[in-house]
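Descriptive analysis of the structure
As a plain string of letters, each chain reads:
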Amino acid sequence: MGNTIKALRRGIKAGVESMAHPTHSRFEAGGKRVVCSHCGNTTFDWVGVLGISHAGYGIQCSNCTHLEYFGNRPREVG
Ligand SMILES: [Zn+2]
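Predicted, not measured: the structure shown is a model, and the values here were computed from it. (Residues numbered from 1 in each chain as written. Predicted model: local features only at pLDDT ≥ 70, side-chain atom pairs only at ≥ 80, totals over all residues. Heavy atoms only, no water.)

**Observations regarding the environment of Gly-78**
Let me state the cut-off plainly: Strands here mean DSSP runs of E at least two residues long; helices mean DSSP runs of H or I at least four residues long; both are numbered from the N terminus. Contact between two residues is taken to exist if any of their heavy atoms lie within 4.5 Å; hydrogens are not considered.
Mapped onto the fold, Gly-78 is located in the segment after β6 (75-76). Residues Gly-78 and Thr-43, 35 residues apart in the sequence, show an inter-C-alpha distance of 9.1 Å. Beyond its immediate sequence surroundings of up to four residues, Gly-78 is in contact with Ser-25 and Arg-26.

**Observations concerning the packing of aromatic side chains**
Here is the rule: Pairing of aromatic side chains here covers Phe, Tyr and the six-membered ring of Trp, requires ring centres within 6.5 Å, and sorts the geometry by plane angle: under 30 degrees stacked, over 60 edge-to-face, intermediate tilted.
Inspection of every chain in the model, using the stated rule, returns 2 aromatic pairs. For the pair Phe-27 and Trp-46, a centre-to-centre distance of 4.9 Å together with 80° between the ring planes defines the contact as edge-to-face. Taken together, the residues Phe-27 in strand β1 (residues 27-29) and Trp-46 in strand β3 (residues 44-50) connect sequence positions 19 residues apart. Between Trp-46 and Tyr-57, the ring centres sit 6.5 Å apart and the planes meet at 70°, which makes this aromatic pair edge-to-face. In this pair, Trp-46 is assigned in strand β3 and Tyr-57 in strand β4 (residues 56-61), connecting sequence segments 11 residues apart.

**Brief notes about the nonpolar core**
The following threshold applies: Among buried residues, those of type Ala, Val, Leu, Ile, Met, Phe, Trp, Tyr and Cys that are joined through side-chain atoms within 4.5 Å constitute a nonpolar core. We call a residue buried when its accessible area falls under 20% of the maximum for its residue type, exposed when it is over 50%, and partly exposed in between, using a 1.4 Å probe and counting protein chains only.
Core analysis: the largest hydrophobic core is formed by 8 residues, namely Phe-27, Val-34, Cys-36, Phe-44, Trp-46, Tyr-57, Ile-59 and Cys-61. Going through the elements one at a time, β3 and β4 are the ones with two or more residues in this core. Looking at this core element by element, the count peaks at 3 residues for β4. With residues near it in sequence (within four places) discarded, Ile-59 still touches Phe-27, Val-34, Phe-44, Asp-45, Trp-46, Val-47, His-66, Leu-67, Glu-68 and Phe-70.

**Structural notes on the sheet that holds β6**
Across a sheet, paired strands are connected by hydrogen bonds in the backbone, their directions being either parallel or antiparallel. In plain terms, the rule: Strands qualify as paired when DSSP identifies two bridges or more between them.
The strand order across the open sheet formed by 3 strands is β2-β1-β6, and the pairing between neighbours is antiparallel. Looking at the sheet topology across the chains shown, the edges are occupied by β2 (32-33) and β6. Sheet topology note: the β1/β6 ladder contains 2 bridges and is antiparallel. For Glu-28, the partnering residue across the bridge sits in β6 and is Arg-75.

What follows is the structure in structure tokens.
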């Protein structure tokens, strides 16, 4: 239960941050630049927390709208 609340709080924070930065961003996860696995694009928009049984972080490709999904928050690199 505590984890769910924490995940929700993180989701709200991500949502607020995405509104503060409406332009597409680039991300890194695990020390590697995030590249869309469908089209190879490197700019994404936050979609906040995804999932009900497993909370994670989703970013949506700004070109093809494919969703990349991470258990840990990817680092925004501009
Ligand atoms: Zn794409």
